[in-house]
Amino acid sequence: QESKQSLVSSSSDEPIHTYERTNLKTFERAVTLEQLKIISQELDRWCRGWTDAFTGAVVSVATVNLYQFSYHHGLPRTAPPDGVLLQWPASLAKILPDVGSTVFQTCPQMKLPRASGKVISAEMADVNGVDMLILCVQLVQGQFRANDEEEVSLGDFELPARDMTVTAQNSISYKELLSSEACTPVWYCSHWWGEPVRDFVTCCQEHAHVRRLGDQGSYWVCGYANRQHELDQEIAEDVMHTSFFAALRASRGLLLILDEDATPFSRIWCDYEVYSAVMNPNMELDLVISLNNHGRREAKIITKNLVPGESAVAKLAREQDFPIFLLDRGLQVCLEKGNSTQERDKTSIFQAIANSKDLESAEGKDKLRRNLDRANQTLHSTLAILAWPQAMNKNLLPKNAKGLHAGKLNVCDALLSDTYRDSLDLSLAHYEESCSDSVVKALAESLPLCLVNLKLSFEGCVRLTDVSLQALAARIGMMKLQKLHLDFLSCKNLSDAGLRLLATTLQKLPLAELELHLAGCVRIRGQGMSHLQENLPASLRSFKGTFKGTEVNRNFQNLIDFREFKVKASPI
């Protein structure tokens, strides 16, 4: 624990934050929902008089984004209280600037200085045998940065920014202003800094409500967790050793926060973060956006899986107003075309994807090409699976799906084109009106043939007939499935004819596990059940089946019970 400094409100003597540098690892610098709400509440006071550093436009509390927050508030508050050191070769300096004078760095593309501050001290001193001008500056706005094109103004003279060395030892992260206690992340936030801070907090509030996290729900946010003045210590050349990757690995799930232009899909860091989460089978993936609803901001969430304590019907109701068209941007993502603030970030991400530092050799280029192809296909198919229920429900499935309305979201091609996917879990349960035989046929034809594990739920989809079973059987028969889970609970129009088609196909598969739920399918009779028993694959090791409400009227928890069950012959 190093230096401490209380930050005091201009309208009160009550401290807001305490400056305290801790020994917390970066992944332990998550913030709680309660702390995010404090930031949102204090914005009213903090952002008075702020303008955008690039455009010069006045910003309001409703629109202030993390770039603006960081420029005016975050960077000055987290800079060392003893000052930032700026150094130049003494030969460039004419005189020493006065203590208390203003120093600022100009940038041709910005309306405001890149950085400004007050001189605390100025001296000429020997540094490793070289005479240097050393300024200690209290940061007021932005961040001083060495580069080739800019100048630093020191009153009556200017010095080149390219010859400047900036040192900000003992700086802190914004999280450390809020609390010195370790906070490991439950959720990793993937977002871009251009969305309004209050929209971001609104999204986290709704997410915590849906997930039942409470005010102590923790979120890792790079802008608050990283020490922005010492990023070289947070972001290594190897992506796997960055603070981002450590936090992602420590989190239970990834929360992708979208704006109304789906901007994160155009950012290579966001795309890579989502890809990394998707490749971890134990990681949750939620998407959220804040929308204007008659003058007030309202967040909508779509989740990869059911949230704890939620039914399929509740999930359907919760997600029906999510603007699914935003995922169209994600279906077109090409990681190699993603934007990054620093070109070196893109190079580091490419090296991580290629699993190679060498991107120039023929072998390195080939590995990058193949792995980028896999990453893009994985992203597209994952988003297609997320979008499928609402795309179906809102008639947005593509027009080339026979019998369906023309639509805009080509989730069929996005799913079919994933030649690397080995597992798929999709629920269309309780879409009583919109889930039809045409939909199931389109889905069946879109299933990648490389699948090994398949789980589909059509519970309560009462419009389905044996045509759906026929379409699924035809497609499944072309695969080498090892695990299959099909749920047709209460699909009352399915009959023995469809079950026979499915059973005949199952016999040819190398299945080890099978779950088949047909409870409430009143037209399934003993003959269909007998055909299923006779056609179980020899490789099968595990079986569960529910047939309550059929003529058999029994459920089975294991393979032995099912094989030994004597089906009574149905009267002809």
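Residues numbered from 1 in each chain as written. Predicted model: local features only at pLDDT ≥ 70, side-chain atom pairs only at ≥ 80, totals over all residues. Heavy atoms only, no water.

**Looking at the overall build of the protein**
In plain terms, the rule: For helices the rule is a DSSP run of H or I covering at least 4 residues; for strands it is a run of E covering at least 2, with both sets numbered from the N terminus onward. The classification of residues rests on relative accessible area computed with a 1.4 Å probe and restricted to protein chains. Under 20% of the type maximum is buried, over 50% is exposed, and intermediate values are partly exposed. Note on contacts: a residue pair is in contact if any heavy atoms of the two residues lie within 4.5 Å. Working definition of accessibility: Shrake-Rupley area with a 1.4 Å probe, residue cover restricted to the visible protein chains. In this count, Lys and Arg are taken as positive residues and Asp and Glu as negative ones, while His and the chain termini are left out. In this description, the location of a charge corresponds to atom NZ of lysine, CZ of arginine, CG of aspartate or CD of glutamate.
Of the regular secondary structure elements, the protein holds 18 helices and 21 strands. Burial status across the protein gives 54% buried among its 572 residues. Expressed as a percentage of contacts within the protein between residues at least 6 apart in sequence, the contacts between residues at least 24 apart total 73%. Accessible surface computed for the protein: about 26,000 Å², of which carbon and sulfur atoms make up 47%. Side chains of the protein give 61 positive and 70 negative charges; the mean places of these two sets differ by 9 Å.

**A word on the sheet that holds strand S11 (residues 187-190)**
Applicable threshold: Two strands pair under a simple rule: DSSP has to find at least two bridges between them.
On the basis of which strands lie adjacent, the open sheet formed by six strands has the order S3-S12-S11-S13-S14-S15 and mixed pairing. Both edges of this open sheet fall to strand S3 (31-32) and strand S15 (296-303), since each of them pairs with a single strand only. As paired elements, strand S14 (residues 284-293) and S15 share eight bridges and run antiparallel to each other. The residue of S15 that forms the bridge with Leu 287 is Ile 302.

**A short note on the environment of Asp 44**
Here Asp 44 shows up in helix H1 (residues 33-46). Since its relative accessible area comes to 39%, Asp 44 is described here as partly exposed. In sequence terms Asp 44 and Ser 60 are 16 residues apart; their C-alpha atoms lie 8.6 Å from each other. Ignoring sequence-local partners within four residues, the contact set of Asp 44 consists of Val 61 and Arg 198.

**Digging into helix H8 (residues 268-278)**
Within H8, 11 of the 11 residues are buried, leaving the element largely enclosed by the surrounding structure. Within H8, burial applies to Ile 268, Trp 269, Cys 270, Asp 271, Tyr 272, Glu 273, Val 274, Tyr 275, Ser 276, Ala 277 and Val 278. Buried residues in H8 make contact with S11, helix H7 (243-250), strand S13 (253-258), S14, helix H11 (343-354) and helix H12 (362-393).

**Focus on the state of the cysteines**
Selection rule: Disulfides are defined as cysteine sulfur pairs within 2.5 Å.
Under the defined criterion, the tally for this structure stands at zero disulfides. We note that Cys 203 lacks a disulfide partner, and the nearest cysteine sulfur, in Cys 204, lies 6.9 Å from it. This cysteine, Cys 491, is not joined by any disulfide, and Cys 521 carries the nearest cysteine sulfur, 5.5 Å off.

**Things to note about the packing of aromatic side chains**
Remark: the centre distance and the inter-plane angle together describe each pair of aromatic rings, the angle taken between the planes. Going by this rule: Here a pair means two rings of Phe, Tyr or Trp (six-membered ring of Trp) with centres within 6.5 Å. Their orientation is stacked below 30 degrees between planes, edge-to-face above 60, and tilted elsewhere.
This model, assessed by the stated rule, comprises 16 aromatic pairs. Geometrically, the ring pair formed by Phe 244 and Trp 269 is stacked, given 4.7 Å between the ring centres and 25° between the ring planes. Separated by 25 residues along the polypeptide, Phe 244 in helix H7 and Trp 269 in helix H8 bring together distant segments of the chain. Just as Phe 244 is buried, Trp 269 falls in that class too. With 6.5 Å between their ring centres and 45° between their planes, Tyr 272 and Tyr 275 make a pair best called tilted. Taken together, the positions of Tyr 272 and Tyr 275, both in helix H8 and three residues apart, correspond to about one turn of that helix. For Tyr 272, a relative accessible area of 5% translates into the label buried.

**Digging into the sheet that holds strand S16 (residues 423-427)**
Here six strands make up an open sheet; going across it, the order is S16-S17-S18-S19-S20-S21 and the pairing mixed. Of all the strands in the sheet, just S16 and strand S21 (555-556) have a single pairing partner and so form its edges. Bridge count between strand S17 (residues 453-457) and strand S18 (residues 483-487): five bridges; the pairing is parallel. Looking across to S18, one finds that Leu 456 is bridged to Leu 486.

**Side note on the pairing of S17**
Rules: When the strands point away from the viewer, a crossover counts as right-handed if the path from the first strand over the helix to the second runs clockwise.
Judged from the five bridges that link them, S16 and S17 form a sheet pairing that is parallel. Bridge pairing links Ser 427 to Ser 457 in S17. Handedness of the crossover joining S16 and S17 through helix H14 (residues 437-446) is recorded here as right-handed. Handedness of the S17-helix H15 (residues 466-476)-S18 crossover: right-handed.

**Topic: the packing of H14 against H15**
We apply this condition: Every axis corresponds to a line fitted to the C-alpha atoms, with the helix fit spanning only the stretch in contact, and the corresponding angles, defined between N-to-C directions, vary from 0 to 180 degrees. Note on terminology: angles under 35 degrees are roughly parallel, angles over 145 are roughly antiparallel, angles of 65 to 115 are roughly perpendicular, and the others are oblique. Nonpolar residues are Ala, Val, Leu, Ile, Met, Phe, Trp, Tyr, Cys and Pro. Charged residues are Asp, Glu, Lys and Arg, and all others, Gly as well, are polar.
At a minimum axis distance of 9 Å, the contact between H14 and H15 shows a crossing angle of 5°. Here H14 lies roughly parallel to H15, going by the angle between them. From H14, Asp 437, Val 440, Lys 441, Ala 444 and Glu 445 reach across to H15, where they touch Val 467, Ser 468, Ala 471, Leu 472 and Arg 475. Class assignment of the residues belonging to the contact of H14 with H15 gives a composition of five nonpolar, one polar and four charged.

**Focus on the pattern of salt bridges**
Selection rule: For salt bridges, the criterion is a side-chain nitrogen of Lys or Arg within 4 Å of an Asp or Glu carboxyl oxygen.
Going through the model one piece at a time under the given rule, you end up with 23 salt bridges. In this structure, the salt-bridge partner of Arg 29 is Glu 234, at a minimum N-O distance of 2.9 Å. Placement of Arg 29 in the loop between strand S2 (15-20) and S3 and of Glu 234 in helix H6 (residues 231-234) is noted, with a sequence separation of 205 residues between them. Summarising the burial analysis for this pair, Arg 29 and Glu 234 share the class buried. One salt-bridge network, in which partners are shared between bridges, spans Arg 296, Glu 298, Lys 300 and Asp 321.

**Focus on the confidence of the model for the protein**
Applied cut-off: Residue-level confidence of the predictor is summarised by pLDDT, bounded by 0 at the bottom and 100 at the top.
Mean pLDDT over the protein works out to 91, with 94% of the residues at or above the 70 mark. When the elements of the protein are averaged for pLDDT, strand S1 (residues 4-8) gives the smallest value, 41, and S18 the largest, 98. The low-confidence segment residues 1-15 (pLDDT under 50) makes 31 contacts with residues lying over four places distant or belonging to another chain.

**Structural notes on unusual backbone geometry**
Among all residues except glycine, the phi angle is most often negative; among peptide bonds, the trans geometry is most common. A positive phi angle, close to 55°, is found at Asn 128, a residue other than glycine. Following the sequence through the fold, Asn 128 ends up in the loop between strand S6 (115-127) and strand S7 (130-142). Judged by relative accessible area, Asn 128 falls into the exposed class, the value being 79%. Of note in the backbone geometry, Ala 262 takes a positive phi value of approximately 55° without being a glycine. On the secondary structure map, Ala 262 appears in the loop between S13 and H8.

**Structural notes on H15**
Of all 11 residues in H15, eight are buried, a share of seventy percent or more. Of all the residues in H15, the buried ones are Asp 466, Ser 468, Leu 469, Ala 471, Leu 472, Ala 473, Arg 475 and Ile 476. Next to the buried residues of H15 lie helix H13 (411-416), H14, S17, S18 and helix H16 (496-506).

**So, the nonpolar core**
What counts, and what does not: Residues belong to one nonpolar core when they are buried, are Ala, Val, Leu, Ile, Met, Phe, Trp, Tyr or Cys, and are joined through side-chain atoms within 4.5 Å.
In this structure, Phe 69, Tyr 224, Leu 287, Trp 388, Cys 435, Phe 458 and Phe 488 are the most contacted members of the largest nonpolar core, which totals 147 residues. The element contributing the most residues to this core is H12, with 12 residues. Contact partners of Leu 287, with chain neighbours within four places excluded, come to Leu 256, Leu 258, Lys 300, Ile 301, Ile 302, Phe 322, Leu 327, Leu 383 and Leu 386. Leu 86, Leu 135, Phe 144 and Ala 161 belong to the second-largest nonpolar core, a separate cluster that totals 21 residues.

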